[in-house]
Each structure stands twice: as C-alpha cells, then as structure tokens.
Amino acid sequence: MADNSNTFKVRVITPDRTFFEGEALMVEFNTTEGEIGIYKNHVPMTVIIRPGVLTITGEDVKKAALHSGFVEILQDSVTILAEVIEWPDEIDEMRAMAAKERAERLLSERDPKTDIARAETALARAMARINVIK
C-alpha cells in the first residue's frame with residue numbers, strides 16, 4: 001500500500017488461532033443490525049456478528065466465511081473475536097451445499113417441531129460458506 005495514512009489494524013482471533021492479523025483500508029461483514037463497512041476513524045463501538053462473508057480490503061481483497069462472534073471497533077483498529085471463521089480453501093463445497101439443502105428443507109416443511117431459528121442460522125452459515133467460495 002502506497003499510502004498507509006488510511007489503514008488500520010485488523011485482528012481476527014478464534015478460540016484456537018489467530019486467523020488474520022494485518023492492515024486494511026476497509027473491513028465489511030454482517031452484524032445483527034445489518035451489513036457494516038469499517039474505515040479508519042470509525043466511531044468506536046462493539047457489535048455482534050451475523051453469519052456472512054468477511055471482506056478485508058488492503059493490498060488485496062481477502063474473503064472468509066464468518067459465522068459468529070463479536071467485534072470491537074476502535075478508530076485505529078478492529079478486533080474480531082470469531083467463534084468460527086473459514087478461508088475459502090478450508091471449506092468443503094459439497095458439505096456446504098448439503099447443509100444448505102437440509103436447512104431449506106427444514107424451513108419449507110413447516111414442522112412445528114423444527115427449531116426455526118436454528119434452521120435459519122444453519123442456512124445463513126451454509127450460504128456464507130458457498131458465497132465465499134464463489
């Protein structure tokens with residue numbers, strides 16, 4: 001990056017590893033309140049992650065399937081505490097497609113015994129995996 005004045009630190013941490021650590025111009029992901037894009041000097045806040053694609057824009061664009069966790073946003077850094085996050089090469093596409101189909105079937109059957117929230121979350125996670133591969 002030629003101009004580092006607009007970059008900020010990004011850390012993505014899971015229970016078992018540091019998934020990503022570096023500089024970014026922008027970070028995008030889903031929250032329980034909707035999609036959010038973060039630039040340097042963003043208003044400090046914390047948010048809850050909703051399943052979707054994490055996009056880190058820096059020298060290049062990196063994408064990962066981000067499933068759940070919390071984010072601390074400060075003016076000069078973003079720290080993502082992720083329960084589950086996967087790079088595209090860590091995702092089994094066939095398994096993700098099967099999970100999507102299973103969740104869609106559960107939601108369409110309208111069985112009163114079905115945990116709708118759980119099926120919707122499973123569908124969102126499967127879609128995050130599929131979208132990050134494509």
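Calculation criteria
- Residues numbered from 1 in each chain as written.
- Predicted model: local features only at pLDDT ≥ 70, side-chain atom pairs only at ≥ 80, totals over all residues.
- Heavy atoms only, no water.
- Core = buried A, V, L, I, M, F, W, Y, C linked by side-chain atoms within 4.5 Å.
- Buried < 20%, exposed > 50% of the residue type's maximum accessible area, 1.4 Å probe, protein only.
- Helix = DSSP H or I, 4+ residues; strand = E, 2+ residues; numbered from the N terminus.
- Contact = heavy atoms within 4.5 Å.
- Expected span 1.5 Å × (residues − 1).
- Arc of directions from axis to C-beta.
- Polar contact = N/O pair within 3.5 Å; in protein donor to acceptor, adjacent residues only side chain to side chain.
- Domains from an automatic or database assignment.
- Buried area = accessible area lost by both parts, 1.4 Å probe.
- Salt bridge = Lys/Arg side-chain N within 4 Å of Asp/Glu carboxyl O.
- Nonpolar A, V, L, I, M, F, W, Y, C, P; charged D, E, K, R; others polar.
- Phe/Tyr/Trp six-rings, centres within 6.5 Å; stacked < 30°, edge-to-face > 60°.

(A) Region of the structure containing the nonpolar core. If you look at the biggest cluster of nonpolar residues, it comprises 23 residues, and the most contacted ones within it are Val12, Phe29, Leu54 and Ile80. Where this core is concerned, the elements lending two or more residues are β1 (8–13), β2 (18–24), β3 (26–31), β4 (34–38), β6 (52–57), β7 (61–74) and β8 (77–86). In this view, isoleucine 80 contacts Arg11, Val12, Ile13, Ile49, Leu54, Leu66, Phe70 and Val71; residues no more than four positions away in its chain are not counted.

(B) Summary view of helix α1 (residues 93–109). Over its 17 residues, α1 runs 24 Å from end to end, which matches the ideal 24 Å to within 8%, given 1.5 Å per residue. Among the residues of α1, Ala96, Ala99, Lys100, Ala103 and Leu107 are the ones counted as buried. The arc enclosing the buried residues of α1, seen along the axis, measures out at 100 degrees, which places them on a common side. Within α1, the exposed residues directed more than 90 degrees away from the buried face are Met94, Arg95 and Ser108. Looking at the buried side of α1, the elements it contacts are α2 (116–133). Where α1 begins, one side-chain oxygen reaches toward the backbone nitrogen of methionine 94, 3.1 Å away; that side chain belongs to aspartate 92. Arginine 110 sits one or two residues past α1 and shows a positive phi near 55 degrees.

(C) Structural view of the side chain of threonine 79. Along the chain, threonine 79 falls in strand β8. Ignoring sequence-local partners within four residues, the contact set of threonine 79 consists of Arg11, Ile13, Phe70, Val71 and Glu72.

(D) Layout of the domain arrangement of the protein. You can read the domains of the protein as domain 1 (8–88) and domain 2 (91–133). When each unit is reduced to the centre of its C-alpha atoms, the spacing between domain 1 and domain 2 is 23 Å. Counting residues at the interface gives eleven residues for domain 1, matched by eight residues for domain 2. For the pair domain 1 and domain 2, the two sides together bury roughly 840 Å², of which 66% comes from carbon and sulfur. Contact with domain 2 buries area across many residues of domain 1, yet Pro51, His67 and Pro88 alone supply 49% of it, more than any other trio. Applying the counting criterion to the domain 1 and domain 2 interface returns one salt bridge. The closest approach of N and O atoms between glutamate 86 and arginine 129, which form a salt bridge, is 2.7 Å. Across the contact surface, domain 1 and domain 2 share two residue pairs in polar contact (both at pLDDT 80 or more). Here the side of domain 1 that touches domain 2 takes five residues from β7, the largest share from any one element. Class assignment of the residues belonging to the side of domain 1 that touches domain 2 gives a composition of six nonpolar, three polar and two charged.

(E) Region of the structure containing the pattern of salt bridges. Applying the stated criterion to the full structure yields seven salt bridges. The salt bridge partner of lysine 62 is aspartate 60, with a shortest N-O separation of 2.7 Å.

(F) Quick peek at the packing of aromatic side chains. Evaluated as defined, the whole model comprises one aromatic pair. Ring centres of phenylalanine 19 and tryptophan 87 lie 4.3 Å apart, and the angle between their planes is 20 degrees; on these two criteria the pair is classed as stacked. Residue phenylalanine 19 is located in strand β2, and its partner tryptophan 87 is located in the loop between β8 and α1; the two are separated by 68 residues in the primary sequence. The exposure classification of phenylalanine 19 matches that of tryptophan 87, with both residues buried.

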